[in-house]
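# Observations on the three-dimensional arrangement
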Amino acid sequence: MFHKEGHKIIFITLVIVVACFLLVDQFIAINWLRTLILIALLVFLILILQFFRNPKRNTQANDNQVVSPVDGKVVVIEEVFEKEYFNDKRLQVSVFMSPLNVHVTRYPIGGKVLFSKYHPGKYLVAWHPKASEENERTTVVVENSTYGKVLYRQIAGALAKRIVNYAKADDKAQQGADSGFIKFGSRVDLFLPLDTKIKVELNQKVRGGESVIAESNA
């Protein structure tokens, strides 16, 4: 199953690969060179298909828990001052995605979307300290009555040139459901209440919609 954001790119890639196959077979007589080019074309197609895959995830809906919005590796767990929406201290948990990860963004909690904003910006590498404030990004805040408010921020990286965000203010968010897509490598930051119980560790690999990032102490 492939994400809808990739349908056009996959189609164009297929057309290009098929056309190149025909041209290579017709105009390149050297066997080893022809084989090398055909293998390279197949690898390119497989990478595109892999990037836009959208595997089904088994989200165990729980209003006390925050699930990872994306696949990747936890690279930041720290207390920070969040100044765009909360204007107070929060626990930041950041998940870095390589180009080989699934890039679907999912709602970390269920509830009501309170805030959704797009920011144009730079394309610093995703792990750069200033990427969260200077790169192209979207900020979304979701609230439910059990856990409270969770802010998650999609951040473009050096390779990611387009962020897709489906969340709109007053939408009803379903935990683990598709809320967007980031094309070609990036990260997502979560900003959580200080009294939340973090359930992951640095460098831990997580799965979007399934891995529990935090839970309420209430």
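Cut-off values and rules
- Residues numbered from 1 in each chain as written.
- Predicted model: local features only at pLDDT ≥ 70, side-chain atom pairs only at ≥ 80, totals over all residues.
- Heavy atoms only, no water.
- UniProt positions renumbered as here; feature names shortened; annotations may be inferred.
- Salt bridge = Lys/Arg side-chain N within 4 Å of Asp/Glu carboxyl O.
- Helix = DSSP H or I, 4+ residues; strand = E, 2+ residues; numbered from the N terminus.
- Buried < 20%, exposed > 50% of the residue type's maximum accessible area, 1.4 Å probe, protein only.
- Core = buried A, V, L, I, M, F, W, Y, C linked by side-chain atoms within 4.5 Å.
- Contact = heavy atoms within 4.5 Å.
- Pairing = 2+ DSSP bridges.
- Axes fitted to C-alpha atoms, helices over the stretch in contact; angles between N-to-C directions.

Labelled according to an unreviewed UniProt entry, the chain appears under the name Phosphatidylserine decarboxylase proenzyme, originating from Hyunsoonleella aquatilis. We quote the UniProt Catalytic activity (unreviewed entry) comment for the chain here in full: "a 1,2-diacyl-sn-glycero-3-phospho-L-serine + H(+) = a 1,2-diacyl-sn-glycero-3-phosphoethanolamine + CO2". The record in UniProt for the chain states the following under Pathway (unreviewed entry): "Phospholipid metabolism; phosphatidylethanolamine biosynthesis; phosphatidylethanolamine from CDP-diacylglycerol: step 2/2."

## Some details on the pattern of salt bridges
This model, assessed by the stated rule, comprises nine salt bridges. The salt bridge partner of R153 is E84, with a shortest N-O separation of 2.9 Å. Linking R153 in strand β7 (residues 148–156) with E84 in the loop between β2 (72–82) and β3 (88–97), this pair joins segments that are 69 residues apart in sequence. A relative accessible area of 4% means that R153 is categorised as buried. With a closest N to O distance of 2.7 Å, D189 and R187 form a salt bridge.

## Describing the nonpolar core
One finds V66, V142, Y152, L190, L192 and I213 to be the most contacted residues of the largest nonpolar core, which totals 27 residues. Secondary-structure elements contributing two or more residues to this core are β3, β6 (137–144), β7, β11 (186–192) and β14 (212–215). Sort the elements by how many residues they give to this core and β3 lands first, with four residues. The residues touching L190, leaving out its near neighbours within four places in the chain, are V66, P69, L91, Q92, V93, P108, V150, L151, Y152 and I213.

## Observations concerning the environment of V18
With respect to the helices, strands and loops of the structure, V18 is situated in helix α1 (residues 7–27). Here V18 falls in the partly exposed class, since its relative accessible area comes to 48%. Through-space distance from the C-alpha of V18 to that of E84 is 47 Å; in sequence the pair is 66 residues apart.

## Observations regarding the UniProt feature "active site" (unreviewed entry) in the chain
In the numbering used here, UniProt assigns the feature "active site" (unreviewed entry) to S186. Mapped onto the secondary structure, S186 falls in strand β11. The buried category is assigned to S186, whose relative accessible area is 0%.

## Section: the sheet that holds strand β8 (residues 162–165)
Taken in spatial order, the three strands line up as β4-β10-β8 in an open sheet, and their pairing is antiparallel. Edge strands, defined here as strands with exactly one partner in the open sheet, are β4 (104–106) and β8. For this sheet the average axis-to-axis angle between neighbouring strands, irrespective of direction, equals 20°. Bridge analysis of β8 against strand β10 (residues 178–183) gives four bridges, and the strand direction is antiparallel. Within β10, the position partnered with V164 by the bridge is F181.

## Brief notes about the UniProt feature "transmembrane region" (unreviewed entry) in the chain
UniProt annotation of "transmembrane region" (unreviewed entry) refers to residues 9–29 and 35–52 when read in the numbering used here. Helix makes up 90% of residues 9–29 and strand 0%, whereas the separation of the span's terminal C-alpha atoms amounts to 30 Å. Helix makes up 94% of residues 35–52 and strand makes up 0%, while its end C-alpha atoms are separated by 26 Å.

## With respect to the sheet that holds strand β1 (residues 65–67)
Read from one edge to the other, the open sheet built from three strands follows the order β1-β14-β12, with strand pairing classed as antiparallel. In the strand order of this sheet, the two ends are held by β1 and β12 (197–198), each with one partner. Pairing of β12 with β14 involves two bridges; the strand directions are antiparallel. Paired with K197 across the strands is E215, a residue of β14.

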